[in-house]
Amino acid sequence: MTQLPMVRAEAVCKDFGALQVLKGITLQVQPREVLCIVGPSGSGKSTFLRCINHLEQVNAGRLYVDGVLVGYAERGGKLHELQPREAAKQRRDIGMVFQHFNLFPHMTALENVIEAPIRVKRRHKDDVVESARKLLDRVGLAEKEKTYPAQLSGGQQQRVAIARALAMDPKLMLFDEPTSALDPELVGEVLDVMRQLAVDGMTMIVVTHEMGFAREVADQMVFMDSGVVVESGPPREVLANPQKERTKAFLSKVL
Amino acid sequence: MTTLKTVEPAPPAEAIKAVPLRHPWRWIGAAIVLALFALFIYGAATNPNYHWDTYRAYLFDKRISTAAWNTLQLTFWAMVIGVALGIVLAIMRLSPNPVLQSAAWVYLWIFRGTPVYVQLVFWGLFTSLYPHLAFGIPFVHQFVHLNIQTLNAAFFFAAIGLGLNEAAYMAEIVRAGISSVPEGQSEAATALGMSWSMTMRRIVLPQAMRVIIPPTGNEVISMLKTTSLVTAVPYTLDLYETQRGIAGVLYRPVPLLLVASTWYLAITSVLMVGQYFLERHFARGSSRRLTARQLRALARAETRQQGGAGAR
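Residues numbered from 1 in each chain as written. Chains lettered and ligands numbered in written order. Predicted model: local features only at pLDDT ≥ 70, side-chain atom pairs only at ≥ 80, totals over all residues. Heavy atoms only, no water.

For chain A, the count of helices and strands is 9 helices and 12 strands. For chain A, the C-alpha radius of gyration of 18 Å lies close to 18 Å, the compact-globule estimate for 255 residues. Seen along its three principal axes, the alpha-carbon backbone of chain A occupies a region of about 50 × 50 × 45 Å. Computed over 33 positive and 32 negative side-chain charges, the inter-centroid distance for chain A is 5 Å. (Helix = DSSP H or I, 4+ residues; strand = E, 2+ residues; numbered from the N terminus. Rg over C-alpha atoms; globule rule 2.2 N^0.38 Å. Lys, Arg positive; Asp, Glu negative; His and termini not counted. Charge placed at Lys NZ, Arg CZ, Asp CG, Glu CD.)

Encoded structure:
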């Protein structure tokens with residue numbers, strides 16, 4: 001029996017006007033798998049991530065999440081752009097964590113976490129608050145629920161942001177350089193939360209520069225450069241024994 | 001080669017008790033200002049041309065307080081129109097549709113580019129430009145037919161005239177507010193599956209309010225005083241025209257101007273208090289500084305920890 005992949009990208013292309021950012025990305029992520037994407041800045045890692053939850057629209061190729069085409073509906077052999085409401089519905093099941101946290105500054109930590117489940121999923125407030133408290137406890141911030149983001153450290157903010165994404169019960173989590181904006185001593189606490197998430201069986205795609213994390217947690221690693229996948233495989237192999245010159249050059253700088 | 005040494009904690013230092021610096025010029029400056037102020041008050045109180053008896057007699061005159069109420073209502077409705085239309089215009093200017101963008105721009109160009117007094121005169125002439133008003137499908141069917149020359153619509157036109165002018169300014173204020181919210185905010189909301197309107201309502205506008213409210217408060221206060229121009233429509237039951245009518249009969253303009261100024265000042269003061277509380281409400285979460293209550297809780301937690309460590 002073959003399992004349906006959680007994410008299936010087939011020759012995904014994305015351009016911004018004349019600038020071609022993704023030039024045919026093909027890859028698969030199985031359920032409960034962790035994929036780490038590494039590569040120099042400007043290589044299209046973040047853009048690819050943003051295509052998966054349709055924050056960016058794919059120009060060519062096909063992208064499926066859990067077997068469903070992202071951003072378009074196929075009817076009568078033609079692709080139709082999705083109505084905003086349908087696109088929003090697709091995004092609900094995909095959690096996203098940003099480099100700069102993007103917490104809502106006018107809401108407390110708890111309010112940040114309960115906002116979407118109440119407003120988007122229309123769940124009952126009492127239930128949502130109860131599960132939100134459990135989530136904040138899980139990321140180690142139970143006592144910070146009444147605190148506003150501006151009063152939290154970067155690491156704490158990012159952990160609230162992870163809890164906020166988890167509150168929607170996503171089947172897939174996307175992390176866009178989640179530790180790149182953090183002080184070195186705060187990186188660990190965020191990676192710990194992500195590691196636990198991976199152990200619990202969450203399907204994750206992580207754009208990161210943390211090679212140690214990738215080696216330890218990822219099932220699959222992809223090295224991207226100028227919009228193409230240069231090399232992919234188990235992280236230990238890619239890191240220890242890169243085949244392509246470009247990968248070797250990059251890894252020699254970051255390791 | 002040097003070896004690492006552990007640093008001994010320094011003994012607590014004694015608190016500094018220094019002789020404070022004297023500031024004689026501050027005292028002299030304050031004395032001069034206070035003396036000038038006292039002189040002015042004395043002069044105003046003893047100058048018979050101020051007619052303080054007339055001031056006292058008319059300060060709480062029924063006609064004046066009714067006129068103040070009319071002025072407040074005019075301010076309220078003009079601002080309601082201005083804010084509502086201003087939000088629509090701001091969203092039009094930020095929309096990707098070039099026709100909507102240009103329409104909003106032309107509106108702003110005309111209404112900010114001509115004096116509000118002139119606009120009010122135009123609204124006064126509206127009935128001679130368009131004597132009949134009909135609602136229906138153009139060239140097909142009319143549901144309602146109004147002969148607006150028979151309506152006494154001075155208040156209505158005054159509010160419309162002030163409101164449409166205000167909308168042009170509010171549009172810029174709202175646009176600045178919306179643009180001040182980082183893009184990451186609407187992105188995060190979108191990624192959580194929120195629709196555009198919910199993102200606006202729950203995430204963007206509450207944060208934009210911090211930028212929008214202070215200049216809007218200015219606009220309300222400015223509007224309160226701009227209502228004195230509605231005589232151009234002509235609407236005559238507002239505060240300024242009413243005091244002018246009374247002053248004309250008495251031949252005493254000064255005390256009645258003082259009466260009107262007192263009312264304007266009183267209403268403005270009340271509005272400023274309202275603005276303070278609104279600003280405080282929308283400043284939630286904007287400061288890293290902890291509130292007094294949070295600081296107390298933190299100090300308590302720290303003492304508890306130290307106490308626990310000591311007991312161990």
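Looking now at the overall build of chain B. Helix and strand content of chain B: 12 helices and 2 strands. In terms of overall size, chain B is more extended than a compact globule, its C-alpha atoms giving a radius of gyration of 30 Å where 312 residues would be expected to give roughly 20 Å. Seen along its three principal axes, the alpha-carbon backbone of chain B occupies a region of about 100 × 70 × 40 Å. Scored against the burial criterion, the 312 residues of chain B give a buried share of 33%. At a minimum sequence separation of 6, the contacts of chain B that also span at least 24 residues come to 72%. Put simply, chain B shows about 20900 Å² of open surface, and 67% of that area lies on carbon and sulfur atoms. Here chain B contributes 25 positively and 13 negatively charged side chains, and the mean placements of these two sets differ by 8 Å. (Buried < 20%, exposed > 50% of the residue type's maximum accessible area, 1.4 Å probe, protein only. Contact = heavy atoms within 4.5 Å. Areas by Shrake-Rupley, 256 points an atom, 1.4 Å probe, with all protein chains shown as cover.)

A disulfide bridge is the covalent bond that connects two cysteines by way of their sulfur atoms. Residue and element names in this part refer to chain A. The final tally for this structure, using the stated rule, is 0 disulfides over all chains. Left unpaired, cysteine 13 is separated from the closest cysteine sulfur, that of cysteine 51, by 9.9 Å. A relative accessible area of 17% means that cysteine 13 is categorised as buried. (Disulfide = S-S within 2.5 Å.)

A few words now on the nonpolar core. As a rule of thumb, soluble globular proteins bury nonpolar side chains together. Counting 52 residues, the largest nonpolar core has Ile162, Met173, Phe175, Met194 and Met204 of chain A as the members making the most contacts within it. The leading source of residues in this core is helix α6 (residues 184–199) of chain A, at 8 residues. Leaving out residues up to four positions away in the same chain, methionine 194 of chain A has contacts with Ile162, Phe175, Pro178, Met204, Val206 and Phe213 of chain A. Judged by nonpolar contacts, the second largest core, of 40 residues, contains Ala9, Leu27 and Cys51 of chain A together with Ala188 of chain B. (Core = buried A, V, L, I, M, F, W, Y, C linked by side-chain atoms within 4.5 Å.)

In the structure shown here, the tally under the stated rule is 20 salt bridges over all chains. The salt bridge involving glutamate 145 of chain A is made with arginine 133 of chain A; its shortest N-O contact spans 2.6 Å. Pair noted here: glutamate 145 of chain A is in the loop between α4 (125–138) and α5 (154–166) and arginine 133 of chain A is in helix α4, with a separation of 12 residues, a long-range link. Judged by its relative accessible area of 15%, glutamate 145 of chain A falls in the buried class. A single network of salt bridges, built from pairs that share partners, joins Arg50 and Glu56 of chain A together with Glu187 of chain B. (Salt bridge = Lys/Arg side-chain N within 4 Å of Asp/Glu carboxyl O.)

On to the sheet that holds strand β1 (residues 7–16) of chain A. Residues and elements named next belong to chain A. Ordered by their spatial adjacency, 4 strands build an open sheet running β2-β1-β4-β5, and the pairing between neighbours is antiparallel. Looking at the sheet topology across the chains shown, the edges are occupied by β2 (19–29) and β5 (68–69). Direction of pairing for strand β4 (residues 60–65) relative to β5: antiparallel, over a ladder of 2 bridges. Looking at the pairing, tyrosine 64 lines up with leucine 69 of β5. Seen against the sheet, helix α1 (residues 45–52) touches β1, β2 and β4 and runs at an angle of roughly 65 degrees to β2. (Pairing = 2+ DSSP bridges. Axes fitted to C-alpha atoms, helices over the stretch in contact; angles between N-to-C directions.)

So yeah, pure geometry; function would need other evidence.
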